[in-house]
Amino acid sequence: MKPSSTLFLKVAVIFIGIPVLALCLFLLPQIANEANEVAERGSDLAYVVYGILMVMYVSAIPFYFALYQSFNLLSYIDKNQAFSELSVRALKKIKNCAITISALYVVALPLVYIMAEIDDAPGLVLIGMGLIFAPMVIAVFAAVLQRLLKEAIDIKSENDLIV
């Protein structure tokens, strides 16, 4: 397969990572600084914000690892190794990363609820739940692709043994 066939997807993977990197480098430290100022004035809300920020920073690690695995998967496709055990392992790692991200946001959901109660913003809980279910959709999709790819590899190996 020509490398240009997956070039668009590789560029898309890179462009998916850029906003998250910008968020981690610019917006989240600004939020932490404002929470620090509020904590100096004696508010307990700042500690809730610190917890949410910690979860957001920690969730960036599996996010970038999943992007790296996606990039590897596209490279396997370029090398005509799409139907290989390497692709199955990459999909499994992507699935595990998505489950990890979702679990991290499940842990943060009580903090989001506390913040929503204090700020009287019930929509904040819905946003928190969206951050849980989006990675779960990716995990289910990766699991289905992993199973289908494994079955295709098994059928391919059976056909190779017959011939």
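Look up: the structure comes first, before these words.
Residues numbered from 1 in each chain as written. Predicted model: local features only at pLDDT ≥ 70, side-chain atom pairs only at ≥ 80, totals over all residues. Heavy atoms only, no water.

(A) Expanded view of the packing of helix H1 (residues 7-40) against helix H2 (residues 45-78). Running from amino to carboxyl end, H1 crosses H2 at an angle of 170°, the nearest separation of the two axes being 10 Å. Taken together, the axis directions place H1 and H2 in an arrangement best described as roughly antiparallel. Across the contact of H1 with H2, the residue classes break down as 27 nonpolar, 4 polar and 2 charged. (Axes fitted to C-alpha atoms, helices over the stretch in contact; angles between N-to-C directions. Helix = DSSP H or I, 4+ residues; strand = E, 2+ residues; numbered from the N terminus. Parallel < 35°, antiparallel > 145°, perpendicular 65-115°, else oblique. Nonpolar A, V, L, I, M, F, W, Y, C, P; charged D, E, K, R; others polar.)

(B) Spotlight on the nonpolar core. In terms of nonpolar packing, the biggest core is built from 13 residues, with Leu45, Val48, Val49, Ile52 and Met115 touching the most fellow members. If you list the elements that add at least two residues to this core, you get H1, H2 and helix H3 (85-119). If you look at the next biggest cluster of nonpolar residues, it comprises 7 residues, including Val88, Leu91, Leu149 and Ile153. (Core = buried A, V, L, I, M, F, W, Y, C linked by side-chain atoms within 4.5 Å. Buried < 20%, exposed > 50% of the residue type's maximum accessible area, 1.4 Å probe, protein only.)

(C) Structural detail: the packing of aromatic side chains. Following the criterion strictly, the structure yields 2 aromatic pairs and no others. With a centroid separation of 5.9 Å and an interplanar angle of 70°, the aromatic rings of tyrosine 47 and tyrosine 50 are classed as edge-to-face. You can see tyrosine 47 and its partner tyrosine 50 sitting in helix H2, 3 residues apart, about one turn around the helix. A relative accessible area of 26% means that tyrosine 50 is categorised as partly exposed. Considering the side-chain rings of phenylalanine 63 and tyrosine 64, the 5.3 Å spacing of their centres and the 80° angle between planes classify their relative orientation as edge-to-face. Residue placement shows lysine 10 over the ring face of phenylalanine 71; its charged tip is 5.4 Å from the ring centre. (Phe/Tyr/Trp six-rings, centres within 6.5 Å; stacked < 30°, edge-to-face > 60°. Lys NZ or Arg CZ within 6 Å of the ring centre and 35° of its normal.)

(D) Representation of H1 in the model. When the terminal C-alpha atoms of H1 are compared, their 49 Å separation across 34 residues agrees well with the 50 Å that a helix rising 1.5 Å per residue should span. The largest bend in H1 comes to about 40°, at leucine 23. Every buried residue of H1 is listed here: Lys10, Val13, Gly17, Cys24, Leu28, Ala35 and Ala39. Contacts from the buried residues of H1 go to H2. With its phi angle positive at about 100°, glycine 42 sits one or two positions after the end of H1. (Expected span 1.5 Å × (residues − 1). Bend = angle between axes of the 7 residues up to and from the residue. Contact = heavy atoms within 4.5 Å.)

(E) Summary view of the environment of valine 13. Within the fold, valine 13 resides in helix H1. The contact partners of valine 13, leaving out residues within four places of it in the chain, are Leu67, Ser70, Phe71 and Leu74.

(F) Seen up close, the environment of alanine 142. Assignment of secondary structure puts alanine 142 in helix H4 (residues 123-162). A C-alpha to C-alpha distance of 9.1 Å links alanine 142 and lysine 93, two positions 49 residues apart in sequence. When near neighbours in sequence (up to four residues on either side) are disregarded, alanine 142 contacts Leu91, Ile94 and Lys95.

(G) View of unusual backbone geometry. With phi around 60°, asparagine 80 is a residue other than glycine that occupies positive phi space. Here asparagine 80 shows up in the loop between H2 and H3. For asparagine 80, a relative accessible area of 59% puts it in the exposed group. The backbone of aspartate 120 shows a phi angle near 55°, a positive value even though the residue is not glycine. If you trace the backbone, aspartate 120 turns up in the loop between H3 and H4.

(H) Quick peek at a nonpolar patch on the surface. Residues Leu7, Val11, Ile14, Phe15 and Ile18 make up a contiguous nonpolar surface patch of about 460 Å² in total accessible area. On the secondary structure map, phenylalanine 15 appears in helix H1. (Patch = residues over 30% accessible without salt bridge, like charges linked within 9 Å, V, L, I, M, F, W, Y side chains within 5 Å. Areas by Shrake-Rupley, 256 points an atom, 1.4 Å probe, with all protein chains shown as cover. Salt bridge = Lys/Arg side-chain N within 4 Å of Asp/Glu carboxyl O.)

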